There are 2 protein chains.
Amino acid sequence: MSVEPRTLKGFRDFLPSEARKRNYVINSLKKVFESFGFEPLETPVLEYEEILLGKYGDEGDKLMYRFTDNGERRVAMRYDQTVPLARVVAQYANELPLPFKRYQVSNVYRAENTQRGRFREFTQCDIDIVGVNSSISDGEILQVVIRSLEILGIKNFKILVNDRAIFEDIPKEAIIIIDKLKKIGEEGVKQELQEKGLDINLLDTVRMAKPTERITQVQNAINDERIVFEPTLARGLDYYTGIIIEAEIEGYTAGSVGGGGRYDNLIGMFSKNPIPAVGFAFGFDRLLEALDSMNLFKMDPSITKVLVSIFSEELQKKSLETVTLLRKKGINAEMYLEVAPMEKQLKYAIKKQIPYLLVIGPEEVEKDLVTLKALDTRQQQTLTLLDACNIIA
Amino acid sequence: MSVEPRTLKGFRDFLPSEARKRNYVINSLKKVFESFGFEPLETPVLEYEEILLGKYGDEGDKLMYRFTDNGERRVAMRYDQTVPLARVVAQYANELPLPFKRYQVSNVYRAENTQRGRFREFTQCDIDIVGVNSSISDGEILQVVIRSLEILGIKNFKILVNDRAIFEDIPKEAIIIIDKLKKIGEEGVKQELQEKGLDINLLDTVRMAKPTERITQVQNAINDERIVFEPTLARGLDYYTGIIIEAEIEGYTAGSVGGGGRYDNLIGMFSKNPIPAVGFAFGFDRLLEALDSMNLFKMDPSITKVLVSIFSEELQKKSLETVTLLRKKGINAEMYLEVAPMEKQLKYAIKKQIPYLLVIGPEEVEKDLVTLKALDTRQQQTLTLLDACNIIA
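Heads up: these notes are all about the structure in this document. No experiment lies behind these values; they were computed from the predicted model shown.

1. Quick look at the environment of B:Val144
Residues and elements named next belong to chain B.
Part 1 of the reasoning: Within the secondary structure, Val144 is located in helix H5 (residues 135–151).
Part 2 of the reasoning: Val144 gets classed as buried once you look at its relative accessible area, which sits at 0%.
Part 3 of the reasoning: Residues Val144 and Phe36, 108 residues apart in the sequence, show an inter-C-alpha distance of 7.4 Å.
Part 4 of the reasoning: Ignoring anything within four residues of it in the chain, the contact list for Val144 reads Val32, Phe33, Phe36, Phe38 and Ile127.

2. Focus: the interface of chain A and chain B
Part 1 of the reasoning: In this complex, chain A contributes 96 residues to the contact, which on the side of chain B involves 96 residues.
Part 2 of the reasoning: Counting each side, the surface lost to burial between chain A and chain B is near 8400 Å², with a carbon and sulfur contribution of 59%.
Part 3 of the reasoning: Linking B:Glu39 and A:Lys352 is a salt bridge whose minimum nitrogen-to-oxygen distance equals 4.0 Å.
Part 4 of the reasoning: Taken together, the links from chain A to chain B amount to 34 residue pairs in polar contact (both at pLDDT 80 or more).
Part 5 of the reasoning: Classifying every residue of the side of chain A that touches chain B gives 51 nonpolar, 16 polar and 29 charged.

3. Section: the packing of aromatic side chains
One pair of aromatic rings is described through two measures. These are the centre distance and the angle between the planes.
Residue and element names in this part refer to chain A.
Part 1 of the reasoning: Scanning all chains against the criterion turns up 21 aromatic pairs over all chains.
Part 2 of the reasoning: Centre to centre, the rings of Phe33 and Tyr103 are 5.6 Å apart; their planes meet at 50°, and the pair counts as tilted. With a gap of 70 residues between them, Phe33 in helix H1 (residues 16–35) and Tyr103 in strand S5 (residues 100–109) connect regions that are remote in the sequence. The residues Phe33 and Tyr103 share a single accessibility class, namely buried.
Part 3 of the reasoning: Positioned above the aromatic ring of Phe14 is the side chain of Arg22, whose terminal nitrogen or guanidinium carbon lies 3.9 Å from the ring centre.

4. Here we look at the environment of A:Met269
Part 1 of the reasoning: Structurally, A:Met269 can be placed in the loop between strand S10 (258–262) and strand S11 (277–283).
Part 2 of the reasoning: On a C-alpha basis, the gap between A:Met269 and A:Lys55 in space is 9.3 Å, while along the polypeptide they are 214 residues apart.

5. Observations concerning helix H4 (residues 82–91) of chain A
Part 1 of the reasoning: The element H4(A) is extensively covered by neighbouring structure, given that nine of its ten residues are classed as buried.
Part 2 of the reasoning: Of the positions making up H4(A), those classed as buried are A:Thr82, A:Val83, A:Pro84, A:Leu85, A:Ala86, A:Arg87, A:Val88, A:Val89 and A:Ala90.

6. Concerning the sheet that holds strand S5 (residues 100–109) of chain B
All names here are of chain B.
Part 1 of the reasoning: The eight strands lie next to each other as S1-S5-S6-S11-S10-S9-S7-S8, forming an open sheet whose pairing is mixed. Across the chains shown, the open sheet's two edge strands, defined by having one partner strand only, are strand S1 (39–40) and strand S8 (227–229).
Part 2 of the reasoning: Pairing geometry for strand S7 (residues 157–163) and strand S9 (residues 243–249), over seven bridges, is antiparallel. Considered in S9, the bridge of Asn162 is made with Ile244.

7. Thoughts on the packing of H1(A) against helix H5 (residues 135–151) of chain A
Axis angle and axis distance: for two packed helices, these are the angle between their axes and the distance between the axes, and together they describe the pair.
Residues and elements named next belong to chain A.
Part 1 of the reasoning: In the contact formed by H1 and H5, the axes pass within 9 Å of each other and the chain directions differ by 140°. With respect to each other, H1 and H5 are oriented oblique. In this structure, H1 crosses over H5, and the sense of that crossing is right-handed. Listed contacts from H5 to Tyr24, Ser28, Leu29, Val32 and Phe33 of H1 are Val144, Arg147, Ser148 and Ile151.
Part 2 of the reasoning: Here the residues of the contact of H1 with H5 sort into six nonpolar, two polar and one charged.

8. Description of the relation of the copies chain A and chain B
Part 1 of the reasoning: Mapping chain A onto chain B calls for a screw motion: a turn of 180° about the axis and a shift of 0.0 Å along it, with 0.0 Å RMSD after fitting. Classification of the inter-copy transformation places it as that of a two-fold axis. It is A:Phe67 whose C-alpha, among those of chain A, lies nearest the rotation axis, at 3.2 Å.
Part 2 of the reasoning: Both copies share a contact surface, since 100% of the interface residues of chain A are interface residues in chain B too.

The rules we used
- Residues numbered from 1 in each chain as written.
- Chains lettered and ligands numbered in written order.
- Predicted model: local features only at pLDDT ≥ 70, side-chain atom pairs only at ≥ 80, totals over all residues.
- Heavy atoms only, no water.
- Helix = DSSP H or I, 4+ residues; strand = E, 2+ residues; numbered from the N terminus.
- Buried < 20%, exposed > 50% of the residue type's maximum accessible area, 1.4 Å probe, protein only.
- Contact = heavy atoms within 4.5 Å.
- Buried area = accessible area lost by both parts, 1.4 Å probe.
- Salt bridge = Lys/Arg side-chain N within 4 Å of Asp/Glu carboxyl O.
- Polar contact = N/O pair within 3.5 Å; in protein donor to acceptor, adjacent residues only side chain to side chain.
- Nonpolar A, V, L, I, M, F, W, Y, C, P; charged D, E, K, R; others polar.
- Phe/Tyr/Trp six-rings, centres within 6.5 Å; stacked < 30°, edge-to-face > 60°.
- Lys NZ or Arg CZ within 6 Å of the ring centre and 35° of its normal.
- Pairing = 2+ DSSP bridges.
- Axes fitted to C-alpha atoms, helices over the stretch in contact; angles between N-to-C directions.
- Parallel < 35°, antiparallel > 145°, perpendicular 65-115°, else oblique.
- Left-handed = near helix turned anticlockwise from the far one by under 90°.
- Least-squares fit on C-alpha atoms with pLDDT ≥ 70 in both.

If you want it as structure tokens, here you go:
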């Protein structure tokens, strides 16, 4: 076979060690989302092109994966999870009583320039509350974000918040420049403002803005000092209509690990009436990177806790019984898959970083015991299976 | 907005009630897979066309979603999880020590005729052991299947097994006909054999075949009477080289809920040498349908266990504290998202089938108690939050 095994640029295989981390983060987040009553939603990876086209600006239309399918339909691949949510809310209006609190974790597709370290397939992790415009719902989104970061073991973080209302009297061009404050610094912002013929004092006007009543309401209700009012925060201005949110992890400088806000004009795009909504999307890749850099993946190097070796053809059945018992005790246990020299079985366990090896030879069988070998210390002891379970678990 | 909200034919939205069932089954299966030491693998939804093309026969090439991407590359959407596995095994040969035990749960895409009740996006759920050809590995696959069905609460099932060797002296055309025995019956098979000019006695030759030594070995090792030798079982003959497996649930007649077997010539397609493998794929949609028909989804109608109502603007904060405490106790709890009449809040809880409503009014606050209302019986009692937790949990 002459086909070279390779992956498309911007697309990734996740081998077990990475896939396990991803599963861990997804499961942790889902648990938090569900503890707040958010429910899962799944939408297809392909949509009619007309559903997605024109919803993400010119850039979006350009980066979207679009093609003609076998039935001559124009189709497009999922570009984000918000437009599909808007479609679902309109399409199943009778089945989905509002407020609708949903989470969605799925991959989206953008033909990005991979030179900029971007991926063409990446995971989005969204929570949204649809159908209510209240400070309580704004606050709930903040609470979910805080709880999510906490559950992942992240202690030092900030949730920056702003209100779209802050920008009411500021020219749009200036807001886009001021939003870059953290990236290009005060001097950079002022220079750009000047270059565009805008008043450089606009930066200070924005910076000195006081929190709006709504922001104060939300902050007072949640009462968490990690929620910080940041009047220069804009995040894709056109989109948001109320609170704007961005999560930052201290010590992780690659960027925010998620953002969101209130967008009361978007979800109703397929409906007759506007439908208020507030939401947040975790930047999944960044979150993983941050956790990695902070050494916060507390998982064992191996899924398997113990390898049950096979002493001989005759004793194979004994090993099979034992490994089944271990699993019944809730222990992830592998049996070696061949009758092979003990040395080879030991090597497999070491290579896979399985912490324990269990040996059941004729002597062990006679005394109804097992020999448990800890592969880090290489110490071994012969004991009852129950005692072995207690050590392994 | 004039765009009609609709889903592509053969594609599905999974609203929360369905999505929760799907998550439940996926999580249950993953837990079983991991208890046997299978590890997760993720591969992209898009592959170079040349990787997938020609691997699934003419039918596969026809049904595959293929297109030219923005960078003029010919790409194809994931058609199954086995060819990507073969690619991964070749591409990361140095990083993946064999035997490699992996599971993968992801969606695959086939432009099927939806008239036949088929979907164009559906979930596959595969386990495979790559790099070893032993009866122990055959047996392990059977054990995983048995444990998976058991954990989902399915008691009466059969795992049909056969060995490719049974068909050694039977013409390929005859095998394809005999494989249809369950569908078209004995008379149907004999008629088709005759029509094709084949010996009608071939059916009895196959039916009377005795288990091969390998099958006997596997059956003796696992020793489970639900593993049944079925000499007429063929399942896409060209593919399998050893054991052939099919899982059937008694009382569910729409078809098998999964199948697999040994395929020692497939995984090596991108490598220099053949690599033995054995695996099994659950038919995810059928499995869900079977569980539904047997009433085996034991989940509560609502993710949320209790709705904490808001008595008044002033007491909103008290409700927020309470709902946070409930979540800390591990209880999925929602707070109503607006200050609204109690009647409206009650209605929301009933609509969402949340079992309990918690009220914290001025009297409750004074006595440091809460009022808990069970929404099925409409009975309520005023008690400490701790007592309420014990009732809700």
